[in-house]
Amino acid sequence: MGQTAKKRITRLAPSPTGALHLGNLRTFLVNWAIARQQGWEIAFRIDDLDSPRIKPGADLHSIEILQWIGLNWDGRELYENQLQDKYHSALIKLAAAGQIYPCRCTRLQIQQRAASAPHADQHELRYPGTCRPLGEREINFDDPQYDGAAWRFWVDPGFVEFVDEFSGPQQFSVDQNVGDFLIGNRQRQPVYQLAVVVDDHQQQVTDIVRGDDLLSSTPRQILLQRALNLPGCRYWHLPMVIGSDGHRLAKRHGDTRVAWYREQGVTANRLIGLMAAWCGAETRQSMSLAEFLQWFRCDSIPRHPIVFSDDDHVWLLAEVSP
Ligand code: GLU
């Protein structure tokens, strides 16, 4: 009997922590275009677990903006909050296998202890392993004695290697860079690293396309997939869009919200034209989504960060009637 190729599935997963900006739009558009050209399915998810940063209404806003651009997906939107029991089972399983442990260190304590330890990633403190259990590792996640503790994943020395479909071969030592990383908070809720692994499995995702700000998270997610016995994914990490000061798009670069440009009268085709320029088109030229899809080649995407320039901004607004 001949084998049928496994169905490929990707996902669009906005975090409803604010309005979509031009950098987000580029990632979503590229993700969508790769999927539609390759015949993959597209799942949609709202990453709404990070409750202090969630902005009410930002979920519907993101959906509406993406639909205005013309993007579509297959099936209903999934909210992370609907998956609480799945996260809980994953935590129980990891605890029973001795792969996570409770941690009561404060940030200050970690800073003090980590200050003398070498670590490669300057943005994150390497956890020095203070709370690592000395004896029995297999524990009951729900035991009340752990109330109020955060949860860390036990990382063994060694390298995680994978080949990124866009950024090429990667090699990370999670142990050296971040050490035993957090996967659950003090309310027994999963944090991003674990949630995303459970979510992607739930949605049967095979291909993850996202900004390369998450590249250093991928090895952590790979370790979690292995620990949970889940199939691995293919990754496509794209260079970020940055401001002319070299930093990723943020409020200080002015209003870079897609919705702001729409309010000024900028059309979806104009925005798509700028996105094409950011994907390697030689000139900026308005284009429809169908034209973009026909034109788009993943290979043409520049390998370096894209700078959102003043000229881009002026060009976007050039056809708006005063
Ligand atoms: N929701 C995340 C974001 O908007 C994406 C998570 C992921 O791709 O893993 O940055």
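Right, let's walk through the structure included here. Keep in mind it's a predicted model, so treat the numbers as computed, not measured. (Residues numbered from 1 in each chain as written. Predicted model: local features only at pLDDT ≥ 70, side-chain atom pairs only at ≥ 80, totals over all residues. Heavy atoms only, no water.)

What to know about the site of the ligand
Surrounding the ligand, one finds Arg-11, Ala-13, Ser-15, Asp-47, Tyr-192, Val-196, Arg-210 and Leu-214. Here a nitrogen atom of the ligand sits 2.7 Å away from a polar atom, N or O, in the main chain of Ala-13. Within the side chain of Arg-210, one N or O atom sits 2.7 Å away from an oxygen atom of the ligand. (Near = heavy atom within 4 Å. Polar contact = N/O pair within 3.5 Å; in protein donor to acceptor, adjacent residues only side chain to side chain.)

Let's talk about the packing of helix H1 (residues 22-38) against helix H9 (residues 268-277)
Two elements in contact, H1 and H9, have axes separated by 10 Å at closest approach and are oriented at 80 degrees. Comparing the axis directions of H1 and H9 gives the class roughly perpendicular. Between H1 and H9, the residues in contact are Leu-22, Leu-25, Arg-26 and Leu-29 and Leu-271, Ile-272 and Met-275, respectively. For the contact of H1 with H9, the per-class residue count stands at 6 nonpolar, no polar and 1 charged. (Axes fitted to C-alpha atoms, helices over the stretch in contact; angles between N-to-C directions. Helix = DSSP H or I, 4+ residues; strand = E, 2+ residues; numbered from the N terminus. Parallel < 35°, antiparallel > 145°, perpendicular 65-115°, else oblique. Contact = heavy atoms within 4.5 Å. Nonpolar A, V, L, I, M, F, W, Y, C, P; charged D, E, K, R; others polar.)

Notes on helix H3 (residues 84-96)
In this model H3 runs 18 Å from its N-terminal to its C-terminal C-alpha over 13 residues, within 8% of the 18 Å that 1.5 Å per residue would give. Among the residues of H3, those classed as buried are Tyr-87, Ala-90, Leu-91, Leu-94 and Ala-95. Buried residues of H3, seen end-on, are gathered within an arc of 130 degrees and therefore sit on one face of the element. Against strand E4 (100-103), strand E5 (150-153), strand E8 (182-184), helix H6 (192-202) and helix H7 (218-227) lie the buried residues of H3. Positioned one or two residues after H3, Gly-98 has a phi angle of 75 degrees, which is positive. (Expected span 1.5 Å × (residues − 1). Buried < 20%, exposed > 50% of the residue type's maximum accessible area, 1.4 Å probe, protein only. Arc of directions from axis to C-beta.)

Some remarks on the packing of H6 against H7
The geometry of H6 relative to H7 is characterised by a closest axis approach of 9 Å and an angle of 60 degrees between their N-to-C directions. One way to sum up the angle between H6 and H7 is to call them oblique. In this structure, H6 meets H7 at a crossing whose hand is right-handed. Counting all contacts with H6, which are made through Tyr-192, Gln-193, Leu-194, Val-196 and Val-197, the residues of H7 involved are Arg-220, Gln-221, Leu-224 and Gln-225. (Left-handed = near helix turned anticlockwise from the far one by under 90°.)

Here's the deal with the packing of aromatic side chains
By the definition in use, this model includes 12 aromatic pairs. Between the aromatic rings of Phe-44 and Trp-73, the centroid separation amounts to 4.1 Å while the plane-to-plane angle is 25 degrees, which identifies the pairing as stacked. Placement of the pair is Phe-44 in strand E2 (residues 41-46) and Trp-73 in the loop between helix H2 (58-69) and strand E3 (77-79), with a sequence separation of 29 residues. Both residues of the pair, Phe-44 and Trp-73, count as buried. Judged by centre distance (5.3 Å) and plane angle (35 degrees), the rings of Phe-153 and Phe-181 are tilted. With Phe-153 in strand E5 and Phe-181 in the loop between helix H5 (174-177) and E8, this pair connects stretches of sequence that are 28 residues apart. Like Phe-181, Phe-153 is buried. Here a set of aromatic residues connected by ring pairs shows up, and it is made of Phe-141, Tyr-146 and Trp-151. Above the plane of the ring of Trp-154 lies Arg-132, whose end atom (NZ or CZ) is 4.1 Å from the centre. It is Arg-152 that lies over the ring of Tyr-127; its NZ or CZ is 3.7 Å from the centre. (Phe/Tyr/Trp six-rings, centres within 6.5 Å; stacked < 30°, edge-to-face > 60°. Lys NZ or Arg CZ within 6 Å of the ring centre and 35° of its normal.)

None of the figures reported here should be taken as evidence of function without further support.
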